[in-house]
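Observations on the three-dimensional arrangement
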Amino acid sequence: MSTNTLYSSIDYTATLRKTRTFLADYHMWHIEAAHFNSWIKSPSNFQIPSQHSTENTVENRVINQANAQFECDLRTKTLAQIATIDDESAFLSDLLYFRWINNWTVRKTCTELAEKHHRDFISERTYANYLKKALWEFAVVCPQNLLVSK
């Protein structure tokens with residue numbers, strides 16, 4: 001964790017946990033965005049709702065899809081921004097991207113990271129250490145407030 005006094009009031013462990021959950025939610029948002037895309041292609045889904053129904057209107061579906069796409073983009077664009085900082089940040093960005101955006105296992109993530117970044121074998125313990133750094137960097141860079149106060 002940074003020794004910067006700006007972050008001295010931040011709960012490091014809770015921030016990492018919140019960031020992990022935030023990234024893990026990508027899969028759910030991605031499914032929601034994909035669901036809308038399949039829905040929009042089927043004309044049978046454009047039924048006129050009853051006057052009392054507000055849950056499944058075209059407008060609400062469009063808003064929900066836009067929100068789901070925004071949530072996906074927030075995660076992927078934050079990772080892309082992190083990757084531009086320096087080589088180490090690019091490595092950390094790839095770690096998070098492989099693990100949560102690609103939804104790969106830890107083992108596959110370690111293998112692909114080592115190959116892409118020309119590193120020796122990355123053990124799961126080493127991965128865990130990098131993961132903490134990566135989650136922290138994501139929490140700091142992300143426009144969504146992921147920092148948890150003490």
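Here is a short report on the structure shown in this document. (Residues numbered from 1 in each chain as written. Predicted model: local features only at pLDDT ≥ 70, side-chain atom pairs only at ≥ 80, totals over all residues. Heavy atoms only, no water.)

The helix and strand inventory of the protein chain stands at 6 helices and 0 strands. Across the 150 residues that make up the protein chain, the buried fraction comes to 34%. Counted over contacts in the protein chain with a minimum sequence separation of 6, partners at least 24 positions apart contribute 68%. (Helix = DSSP H or I, 4+ residues; strand = E, 2+ residues; numbered from the N terminus. Buried < 20%, exposed > 50% of the residue type's maximum accessible area, 1.4 Å probe, protein only. Contact = heavy atoms within 4.5 Å.)

Running from N to C, helix 3 (residues 58–83) and helix 4 (residues 87–101) cross one another at 155 degrees; their axes reach a closest spacing of 7 Å. Put simply, helix 3 runs roughly antiparallel to helix 4. Helix 3 and helix 4 meet at a crossing whose hand is left-handed. Only Ser89, Ala90, Ser93, Leu96, Tyr97 and Ile101 of helix 4 make contact with helix 3, whose side of the interface consists of Arg75, Thr76, Leu79, Ala80, Ile82 and Ala83. (Axes fitted to C-alpha atoms, helices over the stretch in contact; angles between N-to-C directions. Parallel < 35°, antiparallel > 145°, perpendicular 65-115°, else oblique. Left-handed = near helix turned anticlockwise from the far one by under 90°.)

Further remarks concern the nonpolar core. By size, the foremost hydrophobic cluster in this structure holds 34 residues, and its most contacted members are Leu95, Leu96 and Phe138. Of all the elements in the fold, those that place two or more residues in this core are helix 1 (12–24), helix 2 (26–40), helix 3, helix 4, helix 5 (106–116) and helix 6 (124–141). Per-element tally for this core: the top contributor is helix 6, with 8 residues. Not counting residues within four places of it along the chain, the set of residues in contact with Phe138 comprises Thr19, Phe22, Leu23, Arg75, Thr78, Leu79, Ile82, Leu96 and Leu146. (Core = buried A, V, L, I, M, F, W, Y, C linked by side-chain atoms within 4.5 Å.)

Because an α-helix completes one turn every 3.6 residues, residues spaced three or four positions apart along the sequence face the same direction. Looking only at helix 5, the buried set comprises Thr109, Cys110, Leu113 and Ala114. The arc that holds every buried residue of helix 5, seen down its axis, measures 125 degrees, which confines them to one face. The exposed residues of helix 5 that point more than 90 degrees off its buried face are Arg107 and Glu115. The elements touched by buried residues of helix 5 are helix 4 and helix 6. At the C-terminal side of helix 5, His118 shows a positive phi close to 50 degrees. (Arc of directions from axis to C-beta.)

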